[in-house]
Structures are given as C-alpha cells and as structure tokens.
Amino acid sequence: MGFRCGIVGLPNVGKSTLFNALTETQAAQAANYPFCTIEPNVGQVAVPDDRLEKIASIAGSAKIIPTQLAFVDIAGLVKGASKGEGLGNQFLGNIREVDAIVHVLRCFEDDDIQHVANKVDPIADAEVVETELMLADLESLEKRVPAAAKKATGGDKEAKAMASVLGQALDLLRDGKPARLTEPKDDEEARLFEQAQLLTAKPVLYVCNVAEEDAAEGNALSAQVFEKAKAEGAEAVVVSAAIESELVAMEAEERAEYLTELGLTESGLSRVIRAGYTLLGLQTFFTAGPKEARAWTFPAGAKAPQAAGEIHSDFERGFIRAETIAFDDYVALGGETGAREAGKLRQEGKEYLVQDGDVLLFKFNV
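Residues numbered from 1 in each chain as written. Predicted model: local features only at pLDDT ≥ 70, side-chain atom pairs only at ≥ 80, totals over all residues. Heavy atoms only, no water.

(A) Summary view of the overall build of the protein. The helix and strand inventory of the protein stands at 14 helices and 13 strands. Within the protein, buried positions represent 50% of all 366 residues. For the protein, contacts bridging at least 24 residues in sequence account for 68% of all contacts bridging at least 6. When the accessible surface of the protein is summed, it comes to about 17,700 Å², and 49% of that surface belongs to carbon and sulfur atoms. (Helix = DSSP H or I, 4+ residues; strand = E, 2+ residues; numbered from the N terminus. Buried < 20%, exposed > 50% of the residue type's maximum accessible area, 1.4 Å probe, protein only. Contact = heavy atoms within 4.5 Å. Areas by Shrake-Rupley, 256 points an atom, 1.4 Å probe, with all protein chains shown as cover.)

(B) Helix α9 (residues 252–261), seen in detail. Those residues of α9 that sit buried are Arg 255, Tyr 258 and Leu 259. For α9, the arc enclosing every buried residue in end-on projection is 100°, short of the 170-degree limit, so these residues lie on one face. Pointing more than 90 degrees away from the buried face of α9 are the exposed residues Glu 253, Thr 260 and Glu 261. At its buried positions, α9 is contacted by α8 (241–248). Two residues or fewer after α9 comes Gly 263, characterised by a positive phi angle close to 80°. (Arc of directions from axis to C-beta.)

(C) Spatial organisation of unusual backbone geometry. Of note, the phi angle at Gln 197 is positive, near 50°, even though the residue is not glycine. If you trace the backbone, Gln 197 turns up in the loop between α6 (187–195) and β7 (204–209).

(D) Representation of the nonpolar core in the model. Ile 7, Leu 69, Phe 71, Val 102, Leu 205, Tyr 206 and Val 207 are the most contacted members of the largest nonpolar core, which totals 57 residues. Counting 14 residues, the second-largest nonpolar core is a separate cluster that includes Phe 285, Ala 308, Tyr 352 and Val 354. (Core = buried A, V, L, I, M, F, W, Y, C linked by side-chain atoms within 4.5 Å.)

(E) Representation of the packing of α8 against α9. In the contact formed by α8 and α9, the axes pass within 10 Å of each other and the chain directions differ by 155°. Relative to α9, the element α8 is oriented roughly antiparallel. Seen from above, α8 lies across α9 with right-handed handedness. Residue-level contacts link Ile 243, Glu 246 and Leu 247 of α8 to Arg 255, Tyr 258 and Leu 259 of α9. Each residue belonging to the contact of α8 with α9 can be placed in one class, and the counts come to 4 nonpolar, no polar and 2 charged. (Axes fitted to C-alpha atoms, helices over the stretch in contact; angles between N-to-C directions. Parallel < 35°, antiparallel > 145°, perpendicular 65-115°, else oblique. Left-handed = near helix turned anticlockwise from the far one by under 90°. Nonpolar A, V, L, I, M, F, W, Y, C, P; charged D, E, K, R; others polar.)

(F) Fine view of the pairing of strand β8 (residues 235–239). Within β8, 4 of the 5 residues are buried, which leaves it mostly tucked inside the rest of the structure. Taken together, the 5 bridges between β7 and β8 define a ladder with parallel strand orientation. From the neighbouring strand, Tyr 206 faces β8, where its bridge partner is Ala 236. For the crossover from β7 across helix α7 (residues 220–232) to β8, the handedness is right-handed. (Pairing = 2+ DSSP bridges. Right-handed = clockwise from strand over helix to strand, strands pointing away.)

(G) Inspection of the packing of aromatic side chains at higher detail. For the structure shown, the criterion picks out 5 aromatic pairs. Between Phe 285 and Trp 296, the ring centres sit 6.3 Å apart and the planes meet at 15°, which makes this aromatic pair stacked. Of this pair, Phe 285 sits in strand β9 (residues 282–288) while Trp 296 is found in strand β10 (residues 292–299), placing the two residues 11 residues apart along the sequence. On the basis of relative accessibility, which here comes to 13%, the residue Trp 296 falls in the buried class. Arranged with centres 5.9 Å apart and planes meeting at 45°, the rings of Phe 285 and Phe 298 form a pair that is tilted. Linking Phe 285 in strand β9 with Phe 298 in strand β10, this pair joins segments that are 13 residues apart in sequence. Phe 298 shares its class with Phe 285; the two are buried. Members of the aromatic cluster, joined through ring pairs, are Phe 285, Trp 296, Phe 298, Phe 319 and Phe 362. It is Arg 106 that lies over the ring of Phe 108; its NZ or CZ is 4.4 Å from the centre. (Phe/Tyr/Trp six-rings, centres within 6.5 Å; stacked < 30°, edge-to-face > 60°. Lys NZ or Arg CZ within 6 Å of the ring centre and 35° of its normal.)

(H) Expanded view of α7. Relative to the 18 Å expected for 13 residues at 1.5 Å per residue, α7 spans 19 Å between its end C-alpha atoms, a close match to the ideal helical length. All of the buried residues along α7 are Leu 221, Ser 222, Val 225, Lys 228, Ala 229 and Glu 232. Projected onto a plane normal to the axis of α7, the buried residues spread over an arc of 115° and lie on a single side. Residues of α7 that are exposed and angled more than 90 degrees away from the buried face: Ala 220, Glu 227, Lys 230 and Ala 231. On its buried side, α7 packs onto β6 (100–106), α4 (122–152), β7 and β8. A side-chain oxygen of the first residue of α7 lies 3.1 Å from the backbone nitrogen of Leu 221; this N-cap is Asn 219. Phi turns positive, to about 75°, at Gly 233, one or two residues after α7. (Expected span 1.5 Å × (residues − 1). Polar contact = N/O pair within 3.5 Å; in protein donor to acceptor, adjacent residues only side chain to side chain.)

(I) Representation of the side chain of Ser 240 in the model. Residue placement: Ser 240 occurs in the loop between β8 and α8. Looking at Ser 240, its side chain comes within polar contact range of the main-chain oxygen of Val 210, at 3.3 Å. With residues near it in sequence (within four places) discarded, Ser 240 still touches Asn 209, Val 210, Ala 211, Glu 212 and Ala 215.

(J) Structural context of the packing of helix α5 (residues 157–174) against α6. Interhelical geometry of α5 versus α6 gives an angle of 65° and a closest axis separation of 9 Å. Relative to α6, the element α5 is oriented roughly perpendicular. The interaxial crossing formed by α5 with α6 has right-handed handedness. Facing α5, whose interface residues are Glu 158, Ala 161, Met 162, Ser 164, Val 165, Leu 166 and Ala 169, α6 presents Glu 188, Glu 189, Arg 191, Leu 192 and Phe 193. In the contact of α5 with α6, the residues fall into 7 nonpolar, 1 polar and 4 charged.

Structure representation (structure tokens):
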C-alpha cells in the first residue's frame, strides 16, 4: 500500500531544504532507514520505529526492513493557481495524487532570506495556498451539488446522499473553511465524500520551520500555526531546517550528542515522518523470523485478512488465521516461544481487528 505526502509551500520557506534533508539523511542511514528516489521529486522514506529493532534483536533477524512513506516535492504555487496561473494546473494535479499535504511555513526572521511578501507571516502564507485549493474545490462543487440535488428529486438515493454531504462541504468552503471539516452522517456519505477527491479534504500537517534556537520549544509564530492546526483538526510540528542540514553530515553518535545539546530527543525530520504516518491514520504490525524482521503499514481499523493483504494478495484471499502476539508480550517473554508457552500467542480469525504493534504470522491456503 503506497501512501504519499505532498510537500507544499511558498518560495523561501524551507520546502526544498526539507525535502533535500529527507533525501540526504535517509541516504546516509541506508543500513537502517533506506531512502530511494522513485522520480526526481519523489522519495520513499522509512518511518522511525524503535520497536522494530527490539523485535529483530529478540528474533535474531539477519535483516531489518522498516515500513515507509513517500514524500513528494510538489511544484511551486502562485496566486491564481486555481485558474491555471504559473504552474497552477500541475500543482493542483499533483495535490490530487497525494494522500496528505505537508505544508511548510516560514516561522523565522532572517534579513538575508527575502520573503515573497516582504514580511514573515506563516498564517498569511498558509492562506495563499489554502485559498487556491478552496477556489478549485468551490468551482467543482458549485457545478456538482446542483446537479446532484436535481437528480435527487427523481428519487435517486445516491444522488440525495451526494447532494447532502457535498452540500455540507460547499457551505464550509463558502464560509472560508476546508472541506475536511465535513461530517458525513453515514458510511454511504463517507464513501461519496471520499470519491469526490476534494483538495481541501486531504489531511494537513503544518511544518513550522524555525531558527535553531527555537527548535526545542518553537516560538510565537509557530504557536499561531499550532492554534490554526487545532482549530482545523490538522497537525503541526516544529522543525529547524538549519539543524536538519547540519545533522545530514554527522555520524549517528555525533548526531545524538548534538541533539541532546539542543534539548532535542530526535530530529525534526523524524517528527515529520512520524506525524505524516499518524496523520494518514496508519498503524504498524510486524513479522519476524531469522531472515528478517519487518514493519508493515495498515490503516487503523483493518481486520486480519486486510492486514495480511498488505504482504501479498494471496494471504488475504486464502486467509485462515493469524497467530498474534502483542508487542509488549513479545518483548517481555523473549519472543514467539516464550509467548506461546505463557499462553500469550493468540489464534485470531477473520473478524480480528489488528492492533498497532501486533507481531503476526499469517496462515493461509490458496
């Protein structure tokens, strides 16, 4: 299952620095956290997870394979993008193809780096991008909602549900709010809302790019962004691009010491990757054996057969059961043998909702 986070932002906010740091950092740590370039502007990045190494150590695994996210460096944006100005059509097209938006905002003062608006105002910067996305969605819905409402008068149940949920989204947009605040009243409306592929329906992670001295606690500008994120049901993290650029050239031990000196427990990029993973509603299960220990991504709420399908479609199609050990039990009891002897290895069937951290062995027959 491929999940893609699109990195957006105005010029001189640190968007390219963030993407380049992701590229360079992951390449430098290829042994544990591989990064590979799929296209010139797409990179596959490992999701940091300390649990995987613990599992690998207990299982005596020869190889460790983390789960991954794709980050896309999206084309720049100018006002009027919704009408095709600049690279507008390319920008909007790229946004449609990602699962979540990582919006980099400048939250630092620096006279040597000119801001396109000649003032540092992350909220205003965010609104430039959001306005273009809202305008594109408005144009789409102002055609689709009346058409669905008209069809609904003829007794079409799907059209009625579509008019209801997209009408709610249209009202939000007209009020200057993103479509992701829409609340479908049932599964059918949720399905139709997802199918609509609205740009402002995508989850958003705001990345506050701050000066080095503000990396641990943020500053007044990043605090404004966090308030905005909370009001919108979005997420926000603080990153210092200056620090991330320095970390790239360091060895692991040196990097850890440097972060400690700065009052940080992990790099900003690790927070971005993990936040993107959480933003998409993703969780992790593990498989472990002598050959490899591996982390797998699955959407929260998935049942055992769907999780098995993340490994191979045959596993889902021929699913019989899942031998399941909770992560804490796996570690406390020294792995599969200890868990089995202690009665902590469970046989779960097709209705089992996989939990984050489960160590699984799937039984299947095709």
